[in-house]
Amino acid sequence: TIDGSTYFLTHTVNYGRSSTYENVLTINAAVSSIYRHTYTCTVVNALGSDSKTLTATPPPKVSISPPDGPPTAGESFSLTCSVRLGDGGSLTEDLIVHWEAPVDINPANDIQMNTTDSTGTRTSVLHFTLLRTSHGGQYTCKATTTTGTDMATEIITVQIPPPTLSVS
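Below: a short report on this structure.

Calculation rules
- Going along each chain's sequence as written, the residues are numbered from 1 onward.
- Predicted model: local features are reported for residues with pLDDT of at least 70 only, side-chain atom pairs are reported and counted for 80 or more only, and whole-chain, interface and lining totals are derived from all residues.
- Water and hydrogen atoms were dropped before computing side-chain values, which therefore reflect all heavy atoms in the structure.
- Pairing of aromatic side chains here covers Phe, Tyr and the six-membered ring of Trp, requires ring centres within 6.5 Å, and sorts the geometry by plane angle: under 30 degrees stacked, over 60 edge-to-face, intermediate tilted.
- Under the DSSP-based scheme used, a helix requires at least four consecutive residues in state H or I and a strand at least two consecutive residues in state E, with every element numbered from the N terminus.
- Exposure categories follow from relative accessible area, calculated using a 1.4 Å probe and restricted to protein chains: below 20% of the type maximum is buried, above 50% is exposed, and the middle band is partly exposed.
- Definition used in this section: a nonpolar core is a set of buried Ala, Val, Leu, Ile, Met, Phe, Trp, Tyr and Cys residues joined via side-chain atoms within 4.5 Å.
- The contact definition used throughout considers only heavy atoms, calling two residues in contact when any of these lie within 4.5 Å.

## Thoughts on the packing of aromatic side chains
Right, so step 1: For the structure shown, the criterion picks out 2 aromatic pairs.
Right, so step 2: Taking 5.7 Å as the distance between ring centres and 40° as the angle between the ring planes, the aromatic pair formed by F77 and F128 counts as tilted. One end of the pair, F77, is in strand β4 (residues 77-84); the other, F128, is in strand β7 (residues 121-128), with 51 residues separating them in the sequence.
Right, so step 3: For the pair F128 and Y139, a centre-to-centre distance of 5.7 Å together with 90° between the ring planes defines the contact as edge-to-face. Here Y139 lies in strand β8 (residues 137-145) and F128 lies in strand β7, a separation of 11 residues in the sequence. Summarising the burial analysis for this pair, F128 and Y139 share the class buried.
Right, so step 4: Taken together, the aromatic side chains of F77, F128 and Y139 make up a single cluster linked through ring pairs.

## Some words on the nonpolar core
Right, so step 1: Ranked by internal contacts, the top residues of the largest apolar core, which has 22 residues, are L79, W99 and Y139.
Right, so step 2: Elements represented by at least two residues in this core include exactly β3 (61-65), β4, β5 (96-100), β7, β8 and β9 (148-156).
Right, so step 3: Looking at this core, the element that brings in the most residues is β4, giving 4 residues.
Right, so step 4: Discounting chain neighbours no more than four positions away, the residues touching W99 are I64, L79, C81, I105, M113, S124, L126, Y139, T140 and C141.

Below, the structure is given as structure tokens:
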């Protein structure tokens, strides 16, 4: 049974010297959609039956929202990473989300990180309270679960505003 639909596979068993026989079902298609798939294998013979079920959950999918415009030194700025889990994926089970950045992510560097959860999505926001040119560089948001890893990267180029001229 695959996702509720039953398929019958006929197999001829050749008995040899071994007292056990192994049957292997290989699913060559990667679980790449956002949907969970459940596979049940049922074996039936004259002595009875047995079933085993496997649920395949796709890996997380990561995206970073691009900035609205070029970030400017001296202003505040946010970079948002969204991690979507497949159908039925649990945000609390084993999801790890972290940022790789050219500077330490901490309030001493005017950077704060906030994470929120909603149905099937975890959002991690880097908020720069006072953007500096040293904050420029490559930012990578990486999400990992037992089913896989995904990441997205955004390169931030901090613009320097023109000097303020005074007329006397």
